[in-house]
Protein chains: 2
Amino acid sequence: MPQLRLALNQIDATVGDLDGNADAVVRWTRHAADRGAHFVAFPEMVLTGYPVEDLALRSSFVEASCAALRALAGRLAAEGLGGTPVLVGYLDRSGERHRYGQPAGSPKDAAAVLHRGEVVLTFAKHHLPNYGVFDEFRYFVPGDTMPVVRVAGVDVALAICEDLWQDGGRVPSARIAGAGLLVTVNASPYELNKDDTRLELVRKRAQEAGCTTAYVAMTGGQDELVYDGDSIVVDGRGEVVARAAQFTEECLLVDLDLPAAPAEPPAGIADDGLRIEHVTLSAEPVAPYTRRYAGVVAESLGDEEEMYTALVTGLRAYVTKNGFRSVLIGLSGGIDSSLVAAVACDALGAEQVYGISMPSRYSSRHSRDDAAELARRTGLHLRGVPIGPMFDAYMESLGLTGLAEENLQSRLRGTLLMAVSNQEGPLVLAPGNKSELAVGYSTLYGDSVGAYGPIKDVYKSVVFRLAKWRNAAAAERNEIPPIPENSISKPPSAELRPDQLDTDSLPDYDVLDAILELYVDRDRGSAEIVARGYDPELVERVLRMVDTAEYKRRQYPPGTKISPKGFGKDRRLPITNRWRERA
Amino acid sequence: MPQLRLALNQIDATVGDLDGNADAVVRWTRHAADRGAHFVAFPEMVLTGYPVEDLALRSSFVEASCAALRALAGRLAAEGLGGTPVLVGYLDRSGERHRYGQPAGSPKDAAAVLHRGEVVLTFAKHHLPNYGVFDEFRYFVPGDTMPVVRVAGVDVALAICEDLWQDGGRVPSARIAGAGLLVTVNASPYELNKDDTRLELVRKRAQEAGCTTAYVAMTGGQDELVYDGDSIVVDGRGEVVARAAQFTEECLLVDLDLPAAPAEPPAGIADDGLRIEHVTLSAEPVAPYTRRYAGVVAESLGDEEEMYTALVTGLRAYVTKNGFRSVLIGLSGGIDSSLVAAVACDALGAEQVYGISMPSRYSSRHSRDDAAELARRTGLHLRGVPIGPMFDAYMESLGLTGLAEENLQSRLRGTLLMAVSNQEGPLVLAPGNKSELAVGYSTLYGDSVGAYGPIKDVYKSVVFRLAKWRNAAAAERNEIPPIPENSISKPPSAELRPDQLDTDSLPDYDVLDAILELYVDRDRGSAEIVARGYDPELVERVLRMVDTAEYKRRQYPPGTKISPKGFGKDRRLPITNRWRERA
């Protein structure tokens, strides 16, 4: 059997940064070539970053991507890396008219094989996702070829991301084409437990394709999305050969023994209308060599560690890719802002994290103590600015009462944070969690102020779990647990009026979150939720809160998605909406 | 030739308000039946409102829509209206698997004919738009039938909205089926000059169909979208027979002489795979009668009146459909807030419009005078609350300078407006225009505060045109022009530092808006813009401002779309984006 050393470069890419992304491709190709790789694969649209959204509709950007691809092929050769075939995702244009009605020249989610200074083969994604956060029918012409490259005497079939998630198309086609290896390039956003789904899927597809199947994943973050890596190689019986770690940039190298390609290259129509396009790069197997990379199988992370690492990755990507270094957080001593601060310290280093305690007359003694304790434990910078004088100035002019008075305090803090941000430069982080966002338990332009909401897709009950996990992880490493015990154990309160508690307005978070998960994440109606044993009046009240808070969510900052349905592009509801679920 | 009195009920609908929308259908059906109509048509998805967005993914809502349709059929009959066939748009479910990969049970954008208490025919939209503000591939299974109902001896072919905008499908099929009349139901969002496009399209399609073609349109507003009515009837040669007014609810009645249906009902496959589905409701022509409705052809509005009326319609819909009555506006005496106030007075009545003048030390004398003059002219409520004390409280605590000091003033006003809104109830309106939003010339959580931004899709140069038009229209009617002359004639200024002018930071608005229109609305790259004669450095600077202001737009309130590409669902760009156009 011919041997092949495969390199899956699981790397980060930044949307729009054609130069920077090309640099990364060259750097990681050299890393792989130095280690003797025969075929090097990068993630989906690594050259442009993913998703590019409406940049795909700007022809200047599409042309720039095509030009960058050609330049990259030349540069790899010029730097002595032309001998190794490199598979790179990019944004291409098409000559055809879009089958869904878009005009000629519509773009393609494409990938290319670069070899000896040339672009030797290009192809486009066949199955286009148009659900959840995906809008690919909006942009792309689907591909209609089944690409196969012969490398070192092995036929390598190629596919892009969603082609693996849908039945039909390139996977059965790979079997028909008699491929010895199937390589898929991906940029699949993180969701909790998606790694398990993904592994099962790759195993199933490898068995369908009847050959070793490699899945190269993106890592890093882009706006609300996080890519968790987890590149995988599985053999034709579905056994895992190698698996990269989650949330890291790395080159997964593996030595494979693969079936020799047939004498006659495959041709014709494979399946689902796909025309086989075969290119021979090197027909002869490489000289036999000693296996060095048997395949490392990284352990996947536990749920809490996985979610927490996703939050760290998402925040770090947003801050640094947008050209910032530091962040500013209003610290109330509560669990939400404390968790956000811990995530920020892990993402950027405590020296880049600035906290402000902004007590009012309703702030408890322990609030200030807990914020100070958080600063002591983590090493973040803390200052205190009481909001009393600003509060008095407004109250003297306007004489506010009730909710208006409560919201005023929150908005004074928002204005204070933005003033310090404008004066000193750090990005403000919003501390809202998913439970609050769902029911509108927050003040627009108050505690919702910020460039990024690191925990906006984390239910309050999970906020507690993550805080406890982070402290326990620190204790295990003999480090100081970052989050004060009191911030975890005290009953949650907004402290906007005397003795206020969250439970004055909301049910217990365990009950609330269970109802929200059914309604928000799984689109269940009230009858189905009540049928699971929840009180009908409570269900109706919670669902009404969710429906009427849509306007607040629309103006909330972006934040890391970790669930199947975050309050971002994956949940699109009208604000003007008189539909009310009735139990 | 058989006669037929056709009624096109061009009405408003509210998303999610199944009861209210059904009431409107009954009320307007009675109106048409009282006037002897033989066939009554309503807009696309009139029963659910349009667009329902992700409500389509909640099966409880889909089931409720289907139940509401059956109930409506029964109620029409019970109220003595069962004898007249009624065509109603609604949301249906499908048994099939979605051809684009959605699961079985996926919804359909459907319409039904109701007659004698029964749902006698249903069909679904064939062409699904998935560009601009539309995401219909996300939701809907496309229809695969060509429905024809025989009414009073005439075969009436039916279609939904986008079916008319795309070549192929139901329009040529109507000719193949030998229909005597084609009726299309629509909910087509307003854009400037779309009425001209629409008329030409209906004329072209009528000629292709070879029969009289009726287009029934929605009117009113839903979040950012406005429907401008403009229902049309065109004969088979493309001549306009009748045309409803823009932005009004009305029943367009027209007496038509139509070819008799063939003895043998059409059957088989028409075109584009569409299976003809024919139902006979009444095979005999009605007894000859005297024509009473020859067809009124309403004049279309001039550009300024059309845009202004769209703004009034959009704002009124947002406020009233969300259960509010009054609005609150920060009045600086400038042209933007003055135009917003004029629109609000026209939408809700001046007694429901509250203005606050919030002068700072940098506010000019004329600012306060102009705001007072606006109140005198329109009759809106005005009060003044100086922000000096709040400003001093912050400055003493934080010692801000430069941009931080400028933004502070704007945010103090935002907080003040929200406090009054919380205390007294009116919705806050944001006065930002499209030029400001494009280049980020606004303060996040400051002048961007609000539930709705009535002029967010209006370039500054158009703001001037609309203000002048509104004043001239008043003068023509011998009314007091609402907007003070000085607000129109003085040079624009944010008044956040001494002697500040917009032109300190921005080019003249005529130049700026021309560049923005090319970049934002038409997705042209910098090379193309420079080729039109604009200074390369200026183009690069403007485009960079647009790119880096994405984060501000993401948190801006919704507002009425009047252009081909508003800053809403029709422009989806990443915030994290290193792509920069270079001239």
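Rules used in this analysis
Residues numbered from 1 in each chain as written. Chains lettered and ligands numbered in written order. Predicted model: local features only at pLDDT ≥ 70, side-chain atom pairs only at ≥ 80, totals over all residues. Heavy atoms only, no water. Helix = DSSP H or I, 4+ residues; strand = E, 2+ residues; numbered from the N terminus. Buried < 20%, exposed > 50% of the residue type's maximum accessible area, 1.4 Å probe, protein only. Polar contact = N/O pair within 3.5 Å; in protein donor to acceptor, adjacent residues only side chain to side chain. Salt bridge = Lys/Arg side-chain N within 4 Å of Asp/Glu carboxyl O. Domains from an automatic or database assignment. Contact = heavy atoms within 4.5 Å. Buried area = accessible area lost by both parts, 1.4 Å probe. Nonpolar A, V, L, I, M, F, W, Y, C, P; charged D, E, K, R; others polar. Pairing = 2+ DSSP bridges. Axes fitted to C-alpha atoms, helices over the stretch in contact; angles between N-to-C directions.

(A) Quick look at the side chain of Lys456(B). Residue and element names in this part refer to chain B. Take lysine 456: it is sitting in the loop between α11 (434-439) and α12 (460-476). For lysine 456, a relative accessible area of 4% puts it in the buried group. There is a polar contact of 3.0 Å between the side chain of lysine 456 and the backbone oxygen of proline 557.

(B) Region of the structure containing the pattern of salt bridges. All names here are of chain A. Within the structure shown, the criterion is met by 98 salt bridges over all chains. The partner of arginine 75 in a salt bridge is glutamate 79, and the shortest N-O contact between them spans 3.1 Å. A residue is classified by how much of its surface remains accessible, and glutamate 79, at 34% relative accessible area, is partly exposed. In this structure, aspartate 370 and lysine 490 form a salt bridge, with 2.7 Å as the shortest nitrogen-oxygen distance. Taken together, the positions of aspartate 370 in helix α8 (residues 365-378) and lysine 490 in the loop between α13 (485-489) and α14 (509-521) put the pair 120 residues apart, joining distant regions of the chain. By relative accessible area, aspartate 370 is classed as buried at 6%. Taking the relative accessible area as the measure of exposure, lysine 490 reaches 15% and is therefore buried. Within the structure, one salt-bridge network assembled from shared partners comprises Asp23, Arg30, Arg75 and Glu79.

(C) Up close: the domain arrangement of chain A. Residues and elements named next belong to chain A. Looking at chain A, the domain boundaries give domain 1 (3-280) and domain 2 (303-554). Here the C-alpha centroids of domain 1 and domain 2 sit 39 Å apart. Across the boundary between the two partners, domain 1 contributes 15 residues, which contact twelve residues of domain 2. For the pairing of domain 1 and domain 2, the buried interface totals around 1100 Å² over both sides, and the portion due to carbon and sulfur atoms is 55%. On the domain 1 side of the interface with domain 2, the three residues burying the most area are Leu192, Asp223 and Phe247, jointly 40% of the side's total. Here domain 1 and domain 2 share two salt bridges between them. Where lysine 321 meets aspartate 12, a salt bridge forms, and the shortest distance between an N and an O atom there is 2.8 Å. Run the count over domain 1 and domain 2 and you get eight residue pairs in polar contact (both at pLDDT 80 or more). Grouping the amino acids of the side of domain 1 that touches domain 2 by side-chain chemistry returns five nonpolar, five polar and five charged.

(D) Structural detail: the sheet that holds strand β18 (residues 381-384) of chain B. All names here are of chain B. Ordered in space as β18-β17-β16-β19, the four strands form an open sheet in which the pairing is parallel. The open sheet has two edge strands, β18 and β19 (427-428), and neither has a second partner. Sheet strands touched by helix α7 (residues 335-348): β16 (327-330) and β17 (353-357). Its angle to β16, the strand with the most contacts, is close to 165 degrees.

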